[in-house]
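For reference, the chains in residue letters:
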Amino acid sequence: MKKTLLATAIAGAIAATGMMATNAQAANVYDQDGTTLDLYGRVAMGVTTGGQDAEDGSKTTGSEIVDIFSRFGFSASNQIDNDLRAFANLEFRPGDDFTAATETGLTTRNAFVGLESAQFGTVTVGNFDGIYYQAVSSVFDTHPYLGLQATGGSFQARGDSLAYRTPNLEGFQAHLQAKHYTGNADAEVVEARDDNSSQVNVQAAVTYEIDALRLGLGFSEDIERGSGEEYPGNNRYGGSAVYGFTNTLSARAIYETQSNNEDVYGLGLTFAEGPVTVHADLYHFRAQGDFKDLRNSNDQSTTRDGWSLSGIYAFSSSFDVFTEVTDQDRPTIDADLRLGDLTDDVIWTTGVRYHF
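All of the points below concern the structure found in this document. (Residues numbered from 1 in each chain as written. Predicted model: local features only at pLDDT ≥ 70, side-chain atom pairs only at ≥ 80, totals over all residues. Heavy atoms only, no water.)

With respect to the packing of aromatic side chains
Here is step 1 of the chain: Counted under the stated rule, the structure contains 11 aromatic pairs.
Here is step 2 of the chain: Ring plane angle 50° and centroid distance 5.6 Å describe the contact between Phe69 and Tyr145, whose orientation is recorded as tilted. Highlighted residues: Phe69 in the loop between strand E3 (64-67) and strand E4 (71-79) and Tyr145 in the loop between helix H3 (131-137) and strand E8 (161-165), separated in sequence by 76 residues.
Here is step 3 of the chain: Since its relative accessible area comes to 17%, Tyr145 is described here as buried.
Here is step 4 of the chain: Where Phe315 meets Phe319, the ring centres are 5.8 Å apart and the plane angle is 45°; that geometry is what we call tilted. (Phe/Tyr/Trp six-rings, centres within 6.5 Å; stacked < 30°, edge-to-face > 60°. Helix = DSSP H or I, 4+ residues; strand = E, 2+ residues; numbered from the N terminus. Buried < 20%, exposed > 50% of the residue type's maximum accessible area, 1.4 Å probe, protein only.)

Next comes the structure, spelled out in structure tokens:
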């Protein structure tokens, strides 16, 4: 069935958001009287090289062994009655490269609690990826490391958030989220702010799935914490579509726009056959408003192109290896282009992942 690959891709992306923190390899720790507790996680390491050196002259393009978003967490649920289910999740990430944990401690990620009803919908409160990301851009979050160049899950999301998702109405669902920014702060921060009142950023989205097609539309406010000013400008709007042509091939498209920032156009493909999965995406970015004026004043281009390509080989459901290549500013292809220019800013990453 054409929907097989589509459903797998969407479920994987949304599961990573924390609003549906499930894992096929999760170990069941407790299951009795309608209450379950699962342990899940991933250990992933890789070698990366390339990209662009920092503007301050620091070298950042050399080869380096890096952590590839390793994590572990606990997922719990309790079936209150035939319709109502309570759930909770607590997830952590280690320090950089597993060496700085004694200094920085564990990073809390996807820590939330909620109620789910097939009749009334789902309410979630806590730390999770934004519903704009879940509805619109998560379908491009298929690469193992840095391949996503559309909006990420942390955009106006993660902690201090409240979300509501309607029941599935014949493939249609609506989503709403509010993120609270407190005005409380230390004296020096309060003095430096223009506005010390609390603020709430709102996101809203709709999704629709039918057969092998999945559509998503959404918007998110983008207001700077502790200030009444919009930053970098106005609301962000976006739409995406995914279609599964066959059991092995699916295509996706995305458009995002935000005044005083960049418009994003993206096209992508995923091919999965047996243990091999390949993801390929092309992006085009076009500066808008104040951001465009700033680029022009600095004699910089107001457009750029990016691309991402990754291949994954799964030895089992728990262990895989991957290679990813990504470029966020591909040079213009013209008569003056040299072959070496195509790889100047490319980031190369090869790694291994163990899922549990």
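Re the pattern of salt bridges
Here is step 1 of the chain: Summed over all chains, the structure comprises seven salt bridges.
Here is step 2 of the chain: A salt bridge links Arg109 to Asp129, with the shortest nitrogen-to-oxygen separation between them at 3.8 Å. Taken together, the residues Arg109 in strand E6 (residues 107-117) and Asp129 in the loop between strand E7 (121-126) and H3 connect sequence positions 20 residues apart. When sorted by exposure, Arg109 lands in the same class as Asp129, which is buried.
Here is step 3 of the chain: Across the pair Arg353 and Asp320 runs a salt bridge, and its minimum N-O distance is 3.0 Å. Of the two residues, Arg353 is situated in strand E18 (residues 347-355) and Asp320 in strand E17 (residues 319-330); the sequence distance between them amounts to 33 residues. For the residue pair Arg353 and Asp320, the accessibility class agrees, reading buried in each case.
Here is step 4 of the chain: When salt bridges with common partners are traced through the structure, they connect Glu91, Arg109, Asp129 and Arg158 into a single cluster. (Salt bridge = Lys/Arg side-chain N within 4 Å of Asp/Glu carboxyl O.)

Considerations on unusual backbone geometry
What you tend to see is this: most non-glycine residues have negative phi, and most peptide bonds are trans.
Here is step 1 of the chain: Although it is not a glycine, Asp160 sits at a positive phi angle of roughly 60°.
Here is step 2 of the chain: By the secondary structure assignment, Asp160 is in the loop between H3 and E8.
Here is step 3 of the chain: Residue Asp160 is classed as exposed on the basis of its relative accessible area of 57%.
Here is step 4 of the chain: One non-glycine residue with positive phi stands out, namely Glu170, at about 55°.
Here is step 5 of the chain: Along the chain, Glu170 turns up in the loop between E8 and strand E9 (172-181).

Observations regarding the nonpolar core
Here is step 1 of the chain: Val136, Phe140, Leu148, Ala150, Ile254 and Tyr283 are the most contacted members of the largest nonpolar core, which has 19 residues in total.
Here is step 2 of the chain: Taken together, the elements giving at least two residues each to this core come down to H3 and strand E15 (276-287).
Here is step 3 of the chain: The element contributing the most residues to this core is H3, with five residues.
Here is step 4 of the chain: Apart from residues lying up to four places away in sequence, Ile254 is in contact with Val136, Ser137, Phe140, Ala150, Gly239, Ser240, Val264, Tyr265 and Gly266.
Here is step 5 of the chain: In this structure, Ile68, Tyr145, Ile312 and Phe322 belong to the second largest nonpolar core, which totals six residues. (Core = buried A, V, L, I, M, F, W, Y, C linked by side-chain atoms within 4.5 Å. Contact = heavy atoms within 4.5 Å.)

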